[in-house]
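What follows is each chain in one-letter form.
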Amino acid sequence: DRRDVRAERGSEGITGDAQYGGIDHLHLLHTVTQQWKDKYLHSWISLGGVFGGAVKLVKALASSGVIDYIPDFVTNRFKFREVARTVMANYFLLPRSPTWSKDETLLQTPNRNYSLGNLDALFNDMGYPLGVEKWRAVGGSAYIGDPGVTTYCFNGRDVATAAGYVYRNQADFPDTVPGTMWGTGDGTVEDRSLQVCHSWPSTQHVYEYSGKARGGHDEILRNAAVIDQIAKIISQEEYSRADDFNKSVACNSVDEGLNGS
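Counting restarts for each chain, with residues numbered from 1 along the sequence as it is written. Per-residue local features are limited, in this predicted model, to residues with pLDDT of at least 70; the limit for side-chain atom pairs, both in listing and counting, is 80 or more; totals at the level of whole chains, interfaces and linings are taken over all residues. Just so you know, side-chain values use all the structure's heavy atoms and leave hydrogens and water out.

Participant: Which parts of the structure should I look at to understand the layout of surface pockets?
Facilitator: Where empty space is left in the structure can be found by rolling a water-sized probe over the atoms. When its volume is computed, the second largest pocket comes out at roughly 150 Å³. What lines the second largest pocket is a set of twelve residues, and nearest its centre among them are Ser97, Lys102, Leu116, Trp135 and Gly139. Whether a set of points on the 1 Å grid over the protein atoms alone is a cavity depends on a 1.4 Å probe fitting there but being unable to get out, while an open set qualifies as a pocket with protein on both sides within 12 Å along at least five of seven lines; lining residues are those with an atom within 4 Å of a point. Grid points are joined across faces, edges and corners, and a volume is the space filled by probe spheres set on the points.

Participant: For this particular structure, what's the right way to read the pairing of strand β6 (residues 159-166)?
Facilitator: Walk down a regular strand and you will see the side chains alternate between the two sheet faces. Most of β6 sits out of view: six of its eight residues are buried. When strand β3 (residues 107-108) meets β6, the two strands line up parallel, connected through two bridges. Note on β6: the bridge partner recorded for Leu107 is Tyr165. A pair of strands is considered paired only if DSSP assigns at least 2 bridges between the two. Helix numbering and strand numbering both begin at the N terminus, where a helix is a DSSP run of H or I of at least 4 residues and a strand a DSSP run of E of at least 2. As paired elements, β6 and strand β7 (residues 179-185) share seven bridges and run antiparallel to each other. Paired with Gly164 across the bridge in β7 is Met181. Whether a residue is buried, partly exposed or exposed follows from its accessible area with a 1.4 Å probe, protein chains only, as a fraction of its type maximum: under 20%, in between, or over 50%, in that order.

Participant: Whenever I open this one, the sheet that holds strand β2 (residues 41-47) confuses me. Can you help?
Facilitator: Backbone-to-backbone hydrogen bonds pair the strands of a sheet. The strands run either parallel or antiparallel. A sheet is described by the order of its strands in space; here four strands give the open sequence β1-β2-β5-β8, paired in parallel fashion. Strands with a single pairing partner mark the edges of an open sheet, and in this sheet they are β1 (13-18) and β8 (203-210). Averaged over all pairs of adjacent strands, the angle between their axes in this sheet comes to 10°, without regard to strand direction. Against the sheet, helix α2 (residues 21-29) makes contact with β1 and β2, and its axis sits at roughly 140° relative to β1, the strand it touches most. Lines fitted to the C-alpha atoms define the axes, with helices restricted to the stretch that makes contact. Angles between their N-to-C directions range from 0 to 180 degrees. Two residues qualify as a contact provided that any one of their heavy atoms is within 4.5 Å of a heavy atom in the partner residue.

Participant: Help me understand the state of the cysteines, please; the structure alone is not making it clear to me.
Facilitator: Between two cysteines, a covalent bond joining their sulfur atoms is known as a disulfide. Note that a disulfide, as used here, is simply two cysteine sulfur atoms within 2.5 Å. Scanning the model with the defined rule gives one disulfide in all. Between the sulfur atoms of Cys153 and its disulfide partner Cys197 the distance amounts to 2.4 Å. Of this pair, Cys153 sits in strand β5 (residues 151-157) while Cys197 sits in the loop between α9 (191-194) and β8, placing them 44 residues apart in sequence. For the pair Cys153 and Cys197, one class covers both residues: buried.

Participant: What am I meant to see in unusual backbone geometry here?
Facilitator: Leaving glycine aside, a negative phi is the common case for residues, and trans is the common case for peptide bonds. Residue Pro98 is reached from Ser97 by a cis peptide bond, and omega for that bond is 5°. Here Pro98 lies in the loop between α6 (88-92) and β3. Cis geometry marks the peptide bond from Phe173 to Pro174; its omega dihedral reads 0°. For Pro174, the location among the structural elements is in the loop between β6 and β7. In this structure, Gln19 is a non-glycine residue whose phi angle is positive, near 55°. Along the chain, Gln19 turns up in the loop between β1 and α2. The backbone of Asp158 shows a phi angle near 65°, a positive value even though the residue is not glycine. Mapped onto the secondary structure, Asp158 falls in the loop between β5 and β6. Relative accessible area serves as the criterion here: at 48%, Asp158 is assigned to the partly exposed category.

The values are spatial; any link to function lies outside them.
Shown next, in the form of structure tokens:
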């Protein structure tokens, strides 16, 4: 019944996430039907979404856990690494195809280069074969295609960001912190992962903020211009949603009047 469908559109909501929530949210949107999305979601706001994964997770699992820039005498890096290896989300957030190619080096040692094509070997060589099972459980479970929901993308750019890691001496692998091969992104996530949403047909607008102070991975969350823009989007979307609902109610009233005459 057209009247029921249109009336139910008044229950549509605006959903949002930040950072690593982007890949989780995208996964969710690909596991529900388009009918469900049309019924319940008006739009999606994503802030710094890690849609294609992040190279930083390779270092976290191999050597340094989840804490950066804290010296070992302050905290036990190996304890953090042990914890990091138990967290399934860290495997879910590893770089993934096709954002990264199968043969693109993520971590380099004198004896071997590791990429998406041989991550199993990386886990075995770093002495954590259980990582193979964990990676296989989630490695193919994320989606990067169009979400089917009107989307607003926010991300930082022009900040030095890890693009890969290198061990110059084989004996240092994996228990020392590797050197970094640099690219660009928001300081944590590379451009290619952040910008996956730029090419979606459903993306209504892209907002990018240059430099660490405005667009850094954490700094963007506190950027007053970002907060103000999100508030404007929510206000505009709420007005649009209410307008659509009012129009549908008016249309239904006309239909009922015609049908009753």
